[in-house]
Amino acid sequence: EPEVTQTPSHQVTQMGQEVILRCVPISNHLYFYWYRQILGQKVEFLVSFYNNEISEKSEIFDDQFSVERPDGSNFTLKIRSTKLEDSAMYFCASSERRADTDTQYFGPGTRLTVL
Amino acid sequence: QKEVEQNSGPLSVPEGAIASLNCTYSDRGSQSFFWYRQYSGKSPELIMSIYSNGDKEDGRFTAQLNKASQYVSLLIRDSQPSDSATYLCAVKSGNNRLAFGKGNQVVVIP
């Protein structure tokens, strides 16, 4: 069964460093998302991406964040200068189409630890 | 007002019993509703989706939707120890994003 994959599973970085989190969405899916979950808190939407551009972003997704689809399979989230409060699980998700009846499938997540 | 609210504390149920979870949402225009299961340290896994008022059954799971009351629920029948997890209510909002509740932890006692 097709699934969303994410690398790395765990990333440790120093405050102020840049990190890139990688995702491979399900192959026939057209919509891609990033969510994050700070330990003990709810899952929060960051950004959605379709047709090589951002379709929606939350207030969390400020200028320190960017997304890119560098080739036909990968979808990346870059954090330019990490802060302690960026420590969280980051989940990538994808969906086949935009219709309201569609389902978002989540990858296993990348645990980001900022020291 | 929070977009999606799940207010119940941890729910302990004996094996074989019914677990009942509730969720309310604020956006009256929402049309798509989901229940995800999340094991500790893992990602959300879709359990059920529901789009129309009424009940939807899938195996041991039943989702109920009442748009007039802005209320979604999930019933888990014949609860098994493997059902012990956090259950997340999610509502599709905006362009296509999911708004999640904080989740309800379910503990099934053998």
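Note: the structure precedes this text.
1. What to know about the side chain of B:Gln38
Relative to the helices and strands, B:Gln38 resides in strand β4 (residues 33–38). Within the structure, the side chain of B:Gln38 is placed 2.8 Å from the side chain of A:Gln37, a separation counted as a polar contact. In this structure B:Gln38 touches A:Gln37, A:Phe91, B:Ser43, B:Pro44, B:Ala85, B:Thr86 and B:Leu88, once residues within four positions along its chain are discounted.

2. Section: the nonpolar core
In this structure, B:Phe33, B:Trp35, B:Phe61, B:Val72, B:Leu74, B:Tyr87 and B:Val106 are the most contacted members of the largest nonpolar core, which totals 24 residues. Contributing elements (two or more residues each) for this core: β3 (19–25), β4, β5 (45–50), β7 (61–66), β8 (71–76), β9 (85–93) and β11 (104–109) of chain B. Aside from chain neighbours lying at most four places away, what touches B:Val106 is B:Leu11, B:Val13, B:Ala19, B:Leu21, B:Asp83, B:Ser84, B:Ala85 and B:Tyr87. With 23 residues, the next largest nonpolar core counts A:Leu21, A:Ile60, A:Val67 and A:Leu77 among its residues.

3. Regarding unusual backbone geometry
Following A:Thr7, the chain continues to A:Pro8 via a peptide bond in cis, the omega torsion being -10°. Positionally, A:Pro8 belongs in the loop between β1 (5–7) and β2 (10–13). Non-glycine residue B:Gln70 carries a positive phi angle of around 55°. Positionally, B:Gln70 belongs in the loop between β7 and β8. Classification of B:Gln70 by relative accessible area gives buried; the value is 11%. Residues other than glycine seldom take positive phi values, yet B:Asp78 does so here, at roughly 50°. Note on placement: B:Asp78 falls in the loop between β8 and β9. The class of B:Asp78 is partly exposed, set by a relative accessible area of 39%.

Conventions adopted
Residues numbered from 1 in each chain as written. Chains lettered and ligands numbered in written order. Predicted model: local features only at pLDDT ≥ 70, side-chain atom pairs only at ≥ 80, totals over all residues. Heavy atoms only, no water. Helix = DSSP H or I, 4+ residues; strand = E, 2+ residues; numbered from the N terminus. Polar contact = N/O pair within 3.5 Å; in protein donor to acceptor, adjacent residues only side chain to side chain. Contact = heavy atoms within 4.5 Å. Core = buried A, V, L, I, M, F, W, Y, C linked by side-chain atoms within 4.5 Å. Buried < 20%, exposed > 50% of the residue type's maximum accessible area, 1.4 Å probe, protein only.

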